[in-house]
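Survey of secondary and tertiary structure
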Amino acid sequence: MVTIQHALRAATAQLRAVSETARLDAELLLAHTLGWSRAKVVAERDHPLTPEQQARFAALVARRAEREPVAYLIGRREFFGLELQVDRRVLIPRPETEVLVELAIAEARRYGDAPITIADIGVGSGAIAIALAMHLPRATLYGVDLSAGALEVAAANIARYHLQDRITLLEGDLLAPLPGPVDLIVSNPPYTILNEIDEGVYRHEPHLALDGGPDGLDCYRRLIAAAPAYLTPKGAILLEIGAWQAAAVVHLLHLALPQAEVGVQQDLAGRDRVVWARNLDVIR
Ligand SMILES: C[S@@+](CC[C@H](N)C(=O)[O-])C[C@H]1O[C@@H](n2cnc3c(N)ncnc32)[C@H](O)[C@@H]1O
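Residues numbered from 1 in each chain as written. Predicted model: local features only at pLDDT ≥ 70, side-chain atom pairs only at ≥ 80, totals over all residues. Heavy atoms only, no water.

**Thoughts on the packing of helix α6 (residues 97-109) against helix α7 (residues 127-135)**
Running from amino to carboxyl end, α6 crosses α7 at an angle of 40°, the nearest separation of the two axes being 10 Å. With respect to α7, the element α6 is oriented oblique. Like other packed secondary-structure pairs, α6 and α7 cross with a definite hand, here right-handed. Taking contact as the criterion, the partners of T97, L100, V101, A104, I105 and R109 in α6 are, on α7, I128, A131, L132 and H135. Grouping the amino acids of the contact of α6 with α7 by side-chain chemistry returns seven nonpolar, two polar and one charged. (Axes fitted to C-alpha atoms, helices over the stretch in contact; angles between N-to-C directions. Helix = DSSP H or I, 4+ residues; strand = E, 2+ residues; numbered from the N terminus. Parallel < 35°, antiparallel > 145°, perpendicular 65-115°, else oblique. Left-handed = near helix turned anticlockwise from the far one by under 90°. Contact = heavy atoms within 4.5 Å. Nonpolar A, V, L, I, M, F, W, Y, C, P; charged D, E, K, R; others polar.)

**With respect to the site of the ligand**
Taken together, 19 residues surround the ligand, and among them G122, D145, D173, L174 and N188 come closest. Note that an oxygen atom of the ligand is positioned 2.6 Å from one of the side-chain N or O atoms of D145. In the environment of the ligand, a nitrogen atom lies 2.9 Å from a nitrogen or oxygen atom belonging to the backbone of L174. Starting from 590 Å² of accessible surface for the ligand in isolation, the protein chains cover 96%. (Near = heavy atom within 4 Å. Polar contact = N/O pair within 3.5 Å; in protein donor to acceptor, adjacent residues only side chain to side chain. Areas by Shrake-Rupley, 256 points an atom, 1.4 Å probe, with all protein chains shown as cover.)

**Quick word on the environment of R23**
Mapped onto the elements of the fold, R23 is located in helix α2 (residues 22-34). When its relative accessible area of 40% is taken as the criterion, R23 is described as partly exposed. Linking R23 and R9, residues 14 residues apart in sequence, is a C-alpha distance of 8.0 Å. Apart from the residues within four sequence positions on either side, R23 is in contact with L8, R9 and T12. (Buried < 20%, exposed > 50% of the residue type's maximum accessible area, 1.4 Å probe, protein only.)

**Remarks on α7**
Counting buried residues along α7, seven of its nine residues qualify, which places the element largely inside the surrounding structure. Of all the positions in α7, only A127, I128, A129, I130, A131, L132 and A133 are classed as buried.

**Digging into the sheet that holds strand β6 (residues 182-187)**
Across the sheet, which stays open at both edges, the seven strands sit in the order β5-β4-β3-β6-β7-β9-β8 with mixed pairing between neighbours. With partners counted over all chains shown, the strands left at the sheet margins are β5 (167-171) and β8 (261-266), one partner each. In this sheet, adjacent strand axes meet at a mean angle of 15° when their direction is disregarded. In the sheet, strand β3 (residues 116-121) pairs with β6 via four bridges, with the strands oriented parallel. (Pairing = 2+ DSSP bridges.)

**Overview of the nonpolar core**
Judged by nonpolar contacts, the single largest core of 35 residues is most densely connected at I118, L132, L184 and L238. At seven residues, the largest contribution of residues to this core is made by α7. Every residue in contact with L238, bar those within four places of it in the chain, is listed here: L100, L103, A104, E107, L184, I185, V186, S187, V274, V275 and W276. Counting 30 residues, the second-largest nonpolar core is a separate cluster that includes A119, L170, V182 and Y220. (Core = buried A, V, L, I, M, F, W, Y, C linked by side-chain atoms within 4.5 Å.)

**Notes on helix α4 (residues 51-65)**
Helix length check: α4 (15 residues) gives 21 Å between terminal C-alpha atoms against 21 Å at 1.5 Å per residue, within 8%. Looking at α4, one finds that the buried residues are Q53, F57, L60, V61 and R64. With its buried residues spanning 100° around the axis, α4 presents them on a single face. Where α4 is buried, its residues contact α1 (4-15), α2 and α5 (70-74). Positive phi shows up at R67, right after α4, with a value of about 70°. (Expected span 1.5 Å × (residues − 1). Arc of directions from axis to C-beta.)

**Quick word on the packing of aromatic side chains**
Overall, the coordinates contain three aromatic pairs when judged by the stated rule. The interplanar angle of 70° and the centroid separation of 6.3 Å between the aromatic rings of Y191 and W244 together place this pair among those described as edge-to-face. Of this pair, Y191 sits in the loop between β6 and α9 (199-204) while W244 sits in the loop between β7 (231-240) and α12 (246-256), and the two are 53 residues apart along the sequence. Overall, the relative accessible area of 11% leaves Y191 in the buried class. Looking at W244, the relative accessible area reads 54%, which means it is exposed. Aromatic rings pair up to connect Y191, Y220 and W244 into one cluster. (Phe/Tyr/Trp six-rings, centres within 6.5 Å; stacked < 30°, edge-to-face > 60°.)

**Digging into the pairing of β7**
Buried residues dominate β7, accounting for eight of its 10 residues. Here β6 runs beside β7; their pairing, made up of five bridges, is parallel. If you follow V182 over to β7, its bridge partner there is L231. With five bridges connecting them, β7 and strand β9 (residues 272-278) associate as antiparallel partners. Residue pairing for β9: L238 is matched across the bridge by W276.

**A word on the side chain of T3**
One can find T3 in the segment before α1. Taking relative accessible area as the criterion, T3 reaches 5% and is therefore assigned buried.

As far as function goes, none of this settles anything; it's purely spatial.
Here's what the structure looks like:
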C-alpha cells in the first residue's frame, strides 16, 4: 500500500536535483492531485493513494523534474494575497513585484478621495492591475498587453474578482492602445537577457514576457520615451527593474522627464527593484 507519506518521500527525493523546494513542491502537487489543501495532505500522512492517484501524481512529478514550474502544473499562484489563475501564456507573478504594487498604492493615495486612472503596461496575468484595483476603490485601470493569450488569462482573473467594470484590457504595443494620458503608469516589462536566465524559466515561461533585448533595456527605452505624452501633468511612472538596471533606467527617465523627481526603491533583500518618476506638478 502506498501512503501519502511514501509518495511524498519518493517525490521529494526525485525533485531534489531540480528544486530547492522539493518537499514543498511535492506537497503542492499531491494536494492538487487529491483536490485537498496542502495542510490536509501534511496532516493525513497515512492515508493510502489509489493506483489512479499515484499515476496522476507521478505524471506531475515527472513534469516538475523537467523543471516545469509548480504554478503551471497546479494552474494557480498567490500574489499580494490574491489567488490568480496562471498557465503558459503568462509570466508567473513574482513576490518581488509586490514592491511595485506597494509603491503604486502609496503614490495613488496622494490623490486622497479623488478618482485616479492607472495603466498597467504588460498586464500578463493581471497581477498588478488586480492588486491595485482591490486596494484602490477610486481607481480606474487599463491593462495593456501585446499577447492575446495573456489577455485571456487576465480577463479570467479580473472576472474572478468581479473587476470587469474597473479594469479595461487593451491589446497592443506598450502605451499606444491607451485612449489618453493617465495619472499613473506602472509596468513590470520584459527586462531579462534571455541567455542569462534560469533554465526552468527559459524553457517554460513566455519569452515575450522575459526578453528585454540584448541589454535588457529595450522596453524601458521605448516606454519611457513615449511616457511624457501619456502622463497627466501631476502623473507618475513606476517601473520594476532588474537589480543591475537602476542607473540606466534613472538616466532614461531624467532625459524623458527632465522636470520630474526620480527615485529608486529596493526590495526586502536590499536589491534595487523599482525606479519611479513623478511630475513635479503634484507637489506644487
Ligand atoms: C514581465 S511580464 C509581467 C506580467 C505581469 N504584469 C506581472 O508582473 O506578473 C511582461 C508582460 O509584458 C508583455 N509585453 C511584452 N512586450 C510588450 C509590448 N511591447 N507591449 C505590451 N506588452 C508587452 C508580455 O506579454 C508580458 O505579459
